[in-house]
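# Coordinate inspection notes
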Amino acid sequence: MAPLPISSIRVGKIEDVQELFKSKPNKVPERFIREENERGVIVSSLKTHHLHHQIPVIDLSKLSKPNSHDFLFEILRLSQACEDWGFFQVINHGIEVEVVEDIEKVATEFFDMPLEEKKKYPMEPGTVQGYGQAFIFSEDQKLDWCNMFALGVHPPQIRNPKLWPSKPARFSESLEDYSKEVRKLCKKLLKYIAISLGLKEERFEEMFGEAVQAVRMNYYPPCSSPDLVLGLSPHSDGSALTVLQQSKNSCVGLQILKDNTWVPVLPLPNALVINIGDTIEVLTNGKYKSVEHRAVTNMEKERLTIVTFYAPNYEVEIEPMSELVDDETNPCKYRSYNHGDYSYHYVSNKLQGKKSLDFAKILN
Ligand code: OGA
Ligand code: NI
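How each quantity is defined
- Residues numbered from 1 in each chain as written.
- Chains lettered and ligands numbered in written order.
- Predicted model: local features only at pLDDT ≥ 70, side-chain atom pairs only at ≥ 80, totals over all residues.
- Heavy atoms only, no water.
- Helix = DSSP H or I, 4+ residues; strand = E, 2+ residues; numbered from the N terminus.
- Buried < 20%, exposed > 50% of the residue type's maximum accessible area, 1.4 Å probe, protein only.
- Contact = heavy atoms within 4.5 Å.
- Pairing = 2+ DSSP bridges.
- Axes fitted to C-alpha atoms, helices over the stretch in contact; angles between N-to-C directions.
- UniProt positions renumbered as here; feature names shortened; annotations may be inferred.

## Some points on the environment of serine 247
Note on placement: serine 247 falls in the loop between β7 (241-246) and β8 (254-258). By relative accessible area, which is 14% here, serine 247 ends up buried. Taking the C-alpha atoms as reference, serine 247 lies 8.4 Å from glutamate 101; in sequence the two are 146 residues apart. Contact partners of serine 247, with chain neighbours within four places excluded, come to Glu104 and Leu304.

## Some thoughts on the sheet that holds strand β12 (residues 303-311)
Reading across the sheet, the eight strands line up as β1-β2-β10-β7-β12-β5-β4-β3 and stay open at both edges, with mixed pairing between neighbours. Of all strands in the sheet, those bounded by a partner on one side alone are β1 (57-59) and β3 (130-132). Each strand of the sheet is rotated relative to its neighbour by a mean of 25°, with strand direction disregarded. Sheet strands touched by helix α3 (residues 69-85): β1, β2 (87-91) and β10 (272-276). Its angle to β1, the strand with the most contacts, is close to 150°.

## Description of the UniProt feature "domain: Fe2OG dioxygenase" (unreviewed entry) in the protein chain
Taking the UniProt record as the reference, the feature "domain: Fe2OG dioxygenase" (unreviewed entry) is found at residues 203-312. The span residues 203-312 is 11% helix and 41% strand, and its two end C-alpha atoms sit 12 Å from each other.

Here it is as structure tokens:
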């Protein structure tokens, strides 16, 4: 989460979308209107409807007894999910419903506070923590129809204590509780992912060192012209794994790119959405995919997501794992790099599909 020199970045006026929606509910300023080819058209054709039913749902309760039939079957489904989709939802994930509801409650309370209060925790241009819009680097760059509040959580050195809000009063406590649980879940998932690749279960844990964990809360107010804007620009995540919680009763918003079609991920009650980030794509030499995704908005309903990014320590060197590379049949597709350098590269460029990974691609 290393910041760029602030003075060198001119981002122009960034209007707060919640305030915009409150004061001029029918007007979408020019800076939010996308080129025709990138608009967030909400397709609900038969094709996408059919496809969403295939986004795998993994039942973690089936993974509690190693070597049982259920276990092996679910591991196989997990490996197919990571290979074919890069996305899946988990149910019976072990995080208490109170913890999930609590973070949602404090996040909602945070976004509902007056702008002056939220502005006490500003995301400065070129940085990715605090309240505002991230990944904006020029005055003419289009803006997303989204307010973000992002914080580094772990290890403690990446925290910026000035950005942890004093209101709502229980915010920090709830975030700590939630983050601990999500961290356990990520460790568990990485263990299962290692098994699904035929690796020993501690393979990622040992490599990652003290993993970096950050949270981003995305608040998408309703938009009078959802077909002209995007909630969040297309991107892949720079993490190893991402855990996305969609607020209760939230409408469809997340879409993933599958066979050139934007496929909606329908919220399932008590499920969390997991996706493979760029780091796992590199480590598995492209076997498991970090899939491009985006968010669209809704004309009537707001939407809140709480997103956790889990990644190796910044010190760690990343390269395709030797077990998954074969000079003859599966040559190495990515160069070796330092994860801190990749994180810096990721946060110093605008979100643009899978472009960040060009950083590591070996071009033939
Ligand atoms: C993200 C992300 C999607 C959403 O924050 O990286 O992809 O639906 N969010 O909020
Ligand atoms: Ni994402």
